[in-house]
Amino acid sequence: MARSKKRSGAEASAASALSSGRSNASRRAAPKRDVTSTPREPLGRRLLPYGLAVLGAVLAFLGFAGFDLWPFAFVAFIPLFAALDLVRARGTRSVLAVATLFGFVANWGGYYWLMHVLNVLSGFTPVLCALFESVLILYTGGSFVLACWLWIRARDRGCDLTL
C-alpha cells in the first residue's frame, strides 16, 4: 500500500503539469533577446526631423498672405523635405507623424484668426474654441499628410523629385 502512494519523479512532474494546465513545451525557457544589437539613437537625432518640420511650417505660414514675409514661401518646404528624408528609413508611421506635425503647425499659423472668430460668434469658451479649431486644422492638414506620403512613396520607388 505504501508503495502505491509513492510516485516516481517523472510521474509527479507529469501530474503537476497536467494539474496546472501546462505542458513540457511551455515550461521551456524563452529565448533571450539581444537588446544590445540595435543601439538607440540620441534624443537630439530622433527629434531633429520634428524640429525641421516645425521650422518649415512656421516658414510656410509666414510666407503667405497676412504676414508680408513672402520670400519665406520659396524655402518653406526645404526643411520639411529634409525631415522626411531623415525619417524615411524609420517607416511610414514616422513619415505620417512628421507630416501631421507640419500640417498642424502650418495651418494653426495660417488660421490663427479662426480662434477669435469662433469665440466671438459662437460664445464658447476659448478652450472649447481651441479644441474645435484643432480638430478642423487636423482635418485640413490631412492634405499635407497625403502629399508627404505620396512624395515618400515616389522616393522609395526610385523617383528623384528634386530639381
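What comes next is a walk through the structure. (Residues numbered from 1 in each chain as written. Predicted model: local features only at pLDDT ≥ 70, side-chain atom pairs only at ≥ 80, totals over all residues. Heavy atoms only, no water.)

### A few points about the packing of helix α5 (residues 77–87) against helix α6 (residues 92–110)
The interhelical angle for the contact between α5 and α6, taken along N-to-C directions, is 160°, at an axis separation of 9 Å. On the basis of their axis angle, the class for α5 and α6 is roughly antiparallel. The handedness of the crossing between α5 and α6 is right-handed. For the pair formed by α5 and α6, the contact residues are Phe77, Leu80, Ala83, Leu84 and Val87 on the first element and Ser94, Val95, Val98 and Phe102 on the second. Split into classes, the residues belonging to the contact of α5 with α6 amount to eight nonpolar, one polar and no charged. (Axes fitted to C-alpha atoms, helices over the stretch in contact; angles between N-to-C directions. Helix = DSSP H or I, 4+ residues; strand = E, 2+ residues; numbered from the N terminus. Parallel < 35°, antiparallel > 145°, perpendicular 65-115°, else oblique. Left-handed = near helix turned anticlockwise from the far one by under 90°. Contact = heavy atoms within 4.5 Å. Nonpolar A, V, L, I, M, F, W, Y, C, P; charged D, E, K, R; others polar.)

### Structural notes on the nonpolar core
Membership of the largest hydrophobic core comes to 20 residues, with the highest contact counts inside it found for Leu80, Leu84, Val98 and Phe102. Broken down by element, this core gets its largest block of residues, six residues, from α6. Once residues lying within four places of it in the same chain are set aside, the contact partners of Leu80 are Leu52, Val98, Phe102 and Cys148. (Core = buried A, V, L, I, M, F, W, Y, C linked by side-chain atoms within 4.5 Å. Buried < 20%, exposed > 50% of the residue type's maximum accessible area, 1.4 Å probe, protein only.)

### Focus: unusual backbone geometry
Look at Asp68: it is not a glycine, yet its phi comes out positive at around 60°. Structurally, Asp68 is set in the loop between α3 (43–62) and α4 (72–75). Taking relative accessible area as the criterion, Asp68 reaches 68% and is therefore assigned exposed.

### Focus on the packing of aromatic side chains
Per the stated rule, a full pass over the model turns up 11 aromatic pairs. A ring pair is formed by Phe81 and Trp151, whose centres lie 4.6 Å apart and whose planes are at 25°; its orientation type is stacked. Taken together, the positions of Phe81 in helix α5 and Trp151 in helix α9 (residues 142–156) put the pair 70 residues apart, joining distant regions of the chain. Summarising the aromatic geometry, the rings of Phe124 and Phe132 are spaced 5.4 Å apart at their centres and angled 70° between planes, so their arrangement reads as edge-to-face. For Phe132, a relative accessible area of 38% corresponds to the partly exposed category. Put simply, the rings of Phe77, Phe81, Phe102, Phe144 and Trp151 touch in pairs and so form one group of aromatic residues. (Phe/Tyr/Trp six-rings, centres within 6.5 Å; stacked < 30°, edge-to-face > 60°.)

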